[in-house]
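Results of the structural survey
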Amino acid sequence: MAKARPRGNIETRGPNKHRIRIFLGKTPDGKLKYYRETFYGTRTQAKIRLTELLREIDTGGFVDRHNMTVAEYLQYWLEKAVIPYKKPKTIQTYRQAIRRVADRIGHVKLQALNPLTLQEYYAWSLTEKKRAQSTVAIDHRTIHKALEDAVAWGLIARNAAQAVTQKPRSEHRTRDVWSKDECLRFLEYARNHRLYAYFVLALTTGMRRGELCGLRREDLKLDRLEIEIHQTIVEVEEYEEGKRRVRLVIQPTPKTEESEAPVAISPAVAAILRQHLARQAEERLKMGSRYQDHGLVFCQIDGSPLWPSRITNYVFPHLCKKAGVRRIRLHDLRHTFITHILNAGLPATVAQRRARHTRWSTTVDMYGHITKDVEREGVTVTDDILPDQRTGTR
């Protein structure tokens, strides 16, 4: 009977210097695979180290050594685990975070990365670079996910980001919303603007700017008083030979599965959309062969897609100024819509469906202060069941 191959052995190479060798099996082409490690210490200590390594192998915690750096791994992770599966805007967010991380700690060996190195990076980003908490929080989530995959792939034994004690947290922006009077003043002024219906939908449905820019005529179900959302338009930042370039990308699916739910509209809003489509048809006739028909509800005069950033940075601020209303962020129109729903006393679950949030808790977390105000207003609802206090008690 053939003698079993020993799993590991120790070879003394000099005074207090030993080479540990462990048999790991065979490669796909049949070659023997070994793990080797030089150990400095007594032979007894080397035996203890060999036992530790064998235990790690048996329990799945063993990681073969390699020289990959953090920067090399993050780039590999981006190409293999992010780009093939994520949407362009998400890829851009990861790419920007990786660039920030790699610039500071990219030279560190992946297997040498520890919680203290990450903690120091976060502190440096916040204090030296003056980055926002939300930006550093994105860096942390990116590193955490990348290292989580590295553990699963057997490149590292543990996720260093998991052990960071002071984690950066996303900042909750102050949500500046318009009163009903401000909404009315804005829309009164914008009534004759070619994108009037765009802002009507933003304020009456809470649709996001990418959803509005990507809205197609075929997605308008005006007879049913519904709008379907099947695509969004986003701006994606790319770098080619060190030069920054921004391009428009049509994403075939909205932000979340809930975002695909039909959006209900009122008869008044449907009438405004019909007027908008009639005006757009006139523009199409005037442009003739120069018109680029992408089937979009909101587009430039020649039919080409709108740049979301142009509406955010130019069109909307200009209209705010002319209408004499406070300038808020374009996305705050969505917050205004949800706030008015909750102020009307509708249940948070209704607001969640109208906002198309994935979870009811998202709506409560973001607008909890409003639901509490409504709750306070309702504390007297049951007072009519109380005995008249003037008659005293029996």
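Located above this text is the structure these notes cover.
The model shown is predicted, which means the values in this text are computed figures rather than measured ones. (Residues numbered from 1 in each chain as written. Predicted model: local features only at pLDDT ≥ 70, side-chain atom pairs only at ≥ 80, totals over all residues. Heavy atoms only, no water.)

**Comments concerning the nonpolar core**
Nonpolar side chains in soluble globular proteins tend to be buried together. Counted only if it meets this: Among buried residues, those of type Ala, Val, Leu, Ile, Met, Phe, Trp, Tyr and Cys that are joined through side-chain atoms within 4.5 Å constitute a nonpolar core. Whether a residue is buried, partly exposed or exposed follows from its accessible area with a 1.4 Å probe, protein chains only, as a fraction of its type maximum: under 20%, in between, or over 50%, in that order. By the criteria applied, helices consist of DSSP H or I runs no shorter than four residues and strands consist of E runs no shorter than two, each listed in order from the N terminus. Any two residues whose heavy atoms approach within 4.5 Å are treated as being in contact.
Ranked by internal contacts, the top residues of the largest apolar core, which has 46 residues, are Trp178, Phe186, Phe199, Leu201, Leu273 and Phe298. Elements represented by at least two residues in this core include exactly α6 (180-190), α7 (196-205), α8 (209-214), α9 (267-287) and α10 (308-323). Per-element accounting of this core gives the leading share, eight residues, to α7. For Leu201, the residues in contact, after removing those within four places along its chain, are Gly206, Met207, Leu212, Leu215, Ile227, Ile265, Val269, Leu273 and Phe298. Grouped together as the second largest cluster of nonpolar side chains are 29 residues, Ala81, Val108, Leu113 and Ile143 included.

**A closer look at the sheet that holds strand β4 (residues 220-221)**
The condition is simple: Strands qualify as paired when DSSP identifies two bridges or more between them.
The three strands are arranged β4-β5-β8 in an open sheet whose pairing can be described as antiparallel. Edge strands, defined here as strands with exactly one partner in the open sheet, are β4 and β8 (263-264). Where β4 and strand β5 (residues 226-227) come together, two bridges link them in antiparallel fashion. For Leu220, the partnering residue across the bridge sits in β5 and is Ile227.

**Regarding the packing of aromatic side chains**
This is how the line gets drawn: Centres within 6.5 Å make a pair out of two Phe, Tyr or Trp rings, where for Trp the six-membered ring is used; the pair is then stacked when the planes are under 30 degrees apart, edge-to-face when over 60, and tilted otherwise.
For the structure on display, the rule yields 13 aromatic pairs. Arranged with centres 6.3 Å apart and planes meeting at 70 degrees, the rings of Tyr73 and Trp153 form a pair that is edge-to-face. On the criterion of sequence distance, the pair formed by Tyr73 in helix α2 (residues 70-82) and Trp153 in the loop between α5 (133-152) and α6 is long-range, its members being 80 residues apart. Residue classification places Tyr73 among the buried positions, given a relative accessible area of 0%. The partly exposed category is assigned to Trp153, whose relative accessible area is 41%. Judged by centre distance (5.3 Å) and plane angle (70 degrees), the rings of Tyr198 and Phe199 are edge-to-face. Phe199 matches Tyr198 in its accessibility class, with the two residues each being buried.

**What about unusual backbone geometry?**
Not every positive phi belongs to a glycine, and Asn16 is a case in point at roughly 55 degrees. The residue Asn16 is located in the loop between β1 (8-14) and β2 (17-26) in this model. By relative accessible area, Asn16 is classed as partly exposed at 48%. Unlike most non-glycine residues, Leu225 shows phi in positive territory, near 60 degrees. Positionally, Leu225 belongs in the loop between β4 and β5.

**Observations regarding the side chain of Glu235**
Inclusion rule: The definition of a polar contact used here is a pair of N or O atoms within 3.5 Å, where within protein one atom must be able to donate a hydrogen and the other to accept one, and adjacent residues in sequence count solely through side-chain atom pairs.
Relative to the assigned elements, Glu235 resides in strand β6 (residues 232-240). Polar contacts involving the side chain of Glu235 include one to the main-chain amide nitrogen of Ser309, which spans 2.6 Å. When residues no more than four places from it in sequence are discounted, the contact partners of Glu235 are Lys89, Gln92, Val246, Arg247, Leu248, Trp307, Pro308 and Ser309.

**Focus on the pattern of salt bridges**
Selection criterion: Salt-bridge detection follows one rule: a side-chain nitrogen of Lys or Arg within 4 Å of a carboxyl oxygen of Asp or Glu.
What the rule picks out here adds up to 21 salt bridges. Across the salt bridge formed by Asp149 and Lys145, the nearest N and O atoms sit 3.3 Å from each other. Taken together, the residues Asp149 and Lys145, both in helix α5 and four residues apart, mark about one turn of the helix. Its salt-bridge partner being Glu237, residue Arg244 comes within 2.6 Å of it at the nearest N-O pair. Among the residues examined, Arg244 registers a relative accessible area of 54% and is labelled exposed. Salt bridges sharing partners connect three or more residues here, namely Glu11, Arg13 and Arg19.

**Regarding the packing of α7 against α9**
Condition: Inter-axis angles, ranging from 0 to 180 degrees, are taken between N-to-C directions of lines fitted to C-alpha atoms, where helices are fitted over the stretch in contact. Roughly parallel here means an angle under 35 degrees, roughly antiparallel means over 145, roughly perpendicular means 65 to 115, and every remaining angle is called oblique. Crossings are assigned a handedness: left-handed for a near helix turned anticlockwise from the far helix by less than a right angle, right-handed for a clockwise turn. Each residue receives one of three labels: charged for Asp, Glu, Lys and Arg, nonpolar for Ala, Val, Leu, Ile, Met, Phe, Trp, Tyr, Cys and Pro, and polar for the others, Gly being one of them.
Across the interface, α7 lies against α9 with an axial gap of 9 Å and an inter-helix angle of 155 degrees. In terms of axis orientation, α7 runs roughly antiparallel to α9. Seen along the crossing, α7 lies across α9 with a hand that is left-handed. Facing Tyr196, Ala197, Val200, Leu201 and Thr204 of α7, the residues of α9 in contact are Val269, Ile272, Leu273 and His276. Along the lines of polarity and charge, the residues of the contact of α7 with α9 split into seven nonpolar, two polar and no charged.

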